[in-house]
Amino acid sequence: MAQERIGRKRLVVGAHYGTRDFIVQRTTAVIMAVYTLVLVLYAVLGSSLDFESWRAFFAFTVGTLPVGQLLATLAFLSLAWHAWIGVRDIWMDYVHSDGLRLFLQVLTILWLVAAVVFFGQILWSL
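Just so you know, the residues in each chain are numbered from 1, in the order the chain's sequence is written. Local features are withheld for residues below a pLDDT of 70 in this predicted model, meaning they are given only at 70 or higher, and side-chain atom pairs are given and counted only at 80 or more; totals for whole chains, interfaces and linings count all residues. The basis for every side-chain value is the complete set of non-hydrogen atoms in the structure, without hydrogens or water.

Engineer: Would you mind going over the packing of helix α1 (residues 19-45) against helix α2 (residues 51-58) in detail, with residue names and values included?
Structural biologist: Here the axes come from fitting lines to C-alpha atoms, over the contacting stretch only for helices, and the angles between their N-to-C directions go from 0 to 180 degrees. Counting from the N terminus, the helices are DSSP H or I runs at least four residues long and the strands are E runs at least two residues long. Running from N to C, α1 and α2 cross one another at 140°; their axes reach a closest spacing of 12 Å. Comparing the axis directions of α1 and α2 gives the class oblique. In this structure, the crossing between α1 and α2 has a hand that is right-handed. Residues Y35, V38, L39, Y42 and A43 of α1 lie in contact with α2, whose contacting residues are S53, W54, F57 and F58. Residue classes follow a fixed rule: Ala, Val, Leu, Ile, Met, Phe, Trp, Tyr, Cys and Pro count as nonpolar, while Asp, Glu, Lys and Arg count as charged, and any other residue, Gly among them, counts as polar. Across the contact of α1 with α2, the residue classes break down as eight nonpolar, one polar and no charged. Roughly parallel means an angle under 35 degrees; roughly antiparallel, over 145; roughly perpendicular, 65 to 115; everything else is oblique. Two helices crossing with the near one rotated counterclockwise from the far one by less than a right angle form a left-handed crossing, whereas a clockwise rotation gives a right-handed crossing. Contacts: residue pairs with any heavy atoms within 4.5 Å of one another.

Engineer: Account for the environment of F22, naming residues and giving values.
Structural biologist: Residue placement: F22 occurs in helix α1. Exposure remark for F22: the relative accessible area of 48% places this residue in the partly exposed category. For F22 and I85, which are 63 residues apart along the polypeptide, the C-alpha to C-alpha distance reads 9.3 Å. With a 1.4 Å probe rolled over the protein chains alone, any residue whose accessible area is under 20% of its type maximum counts as buried; one over 50% counts as exposed, and the rest are partly exposed.

Engineer: If you had to explain a nonpolar patch on the surface to someone new, which residues and values would you point to?
Structural biologist: Each patch is built from residues lacking any salt bridge and having more than 30% relative accessible area; the joining distance is 9 Å for like charges and 5 Å for nonpolar side chains (Val, Leu, Ile, Met, Phe, Trp, Tyr). Residue-level accessible areas treat just the shown protein chains as cover; the underlying method is Shrake-Rupley with a 1.4 Å probe. A pairing counts as a salt bridge when a side-chain nitrogen of Lys or Arg comes within 4 Å of a carboxyl oxygen of Asp or Glu. A cluster of nonpolar side chains, namely L100, L102, F103, V106, L107 and L110, defines an oily patch on the protein surface of about 570 Å² accessible area. Locating L102 in the fold gives a position in helix α4 (residues 98-123). Under the relative-accessibility criterion, L102 is labelled exposed at 52%.

Engineer: Could you give me a rundown of the packing of aromatic side chains, with the residues and numbers involved?
Structural biologist: Stacked, tilted and edge-to-face pairs are distinguished by plane angle, under 30 degrees for stacked and over 60 for edge-to-face with tilted covering the rest, among Phe, Tyr and Trp rings (Trp via its six-membered ring) whose centres lie within 6.5 Å. Across all of its chains, the model carries six aromatic pairs by this definition. Centre to centre, the rings of F57 and F58 are 5.2 Å apart; their planes meet at 80°, and the pair counts as edge-to-face. Classification of F57 as buried rests on a relative accessible area of 14%. Put simply, the rings of Y42, W54, F57 and F58 pair up and form one aromatic cluster.

Engineer: Just give me the short version of the nonpolar core, but keep the residues and values in it.
Structural biologist: Listed in full, the six residues of the largest apolar core are Y35, F57, A72, A75, F119 and L123. Elements with a contribution of two residues or more to this core: α3 (67-94) and α4. Each residue touching F119, except ones within four places of it in the same chain, is listed here: A72, T73 and F76. By nonpolar core we mean a set of buried residues, namely Ala, Val, Leu, Ile, Met, Phe, Trp, Tyr and Cys, connected to one another through side-chain atoms within 4.5 Å.

Engineer: Before we move on, could you go through α1 and cite the residues and values that matter?
Structural biologist: The end-to-end C-alpha distance of α1 is 39 Å, a good match for the 39 Å that 27 residues give at a rise of 1.5 Å each. Those residues of α1 hidden inside the fold are in contact with α2 and α3. By definition here, a helix of n residues has an expected span of 1.5 Å times n minus one.

Engineer: Can you tell me about the pattern of salt bridges, naming the residues and giving the values?
Structural biologist: Using the criterion set out here, one finds four salt bridges in the structure. Note that R20 and D21 form a salt bridge whose closest N and O atoms lie 3.9 Å from each other. A relative accessible area of 6% means that D21 is categorised as buried. Note that D21 is salt-bridged to R88, the shortest N-O span being 2.6 Å. Within this pair, whereas D21 is found in helix α1, its partner R88 is found in helix α3, the two being separated by 67 residues in sequence. The residues D21 and R88 share a single accessibility class, namely buried. One connected set of salt bridges, linked through shared partners, spans R20, D21, R88 and D89.

Laid out in structure tokens, this is it:
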């Protein structure tokens, strides 16, 4: 069956394109930008940049709430979600074979999950 195409139509059910992904990308970008600004200010205004200084930064607590670790975790989860949306869109736009696209998406998910687990092990062992 011949079809006239002016552009490439995305006919995959559940691809979640649109407003939600746009908002998530912008929100995660703002979270990462604010956290980066906090890190830069700490590096510039901090007295030293040795291991103990950074450990104290990440171990910062308010009462019993580990604020430093929670903020770092929020920033890293934002990075992973932001990366997932961006890489998924690249696979959807440029990989035309459904099997290869699914394989690449699964590899991306496994890589991101492994990165989040590794991050959690490092940060929460402080």
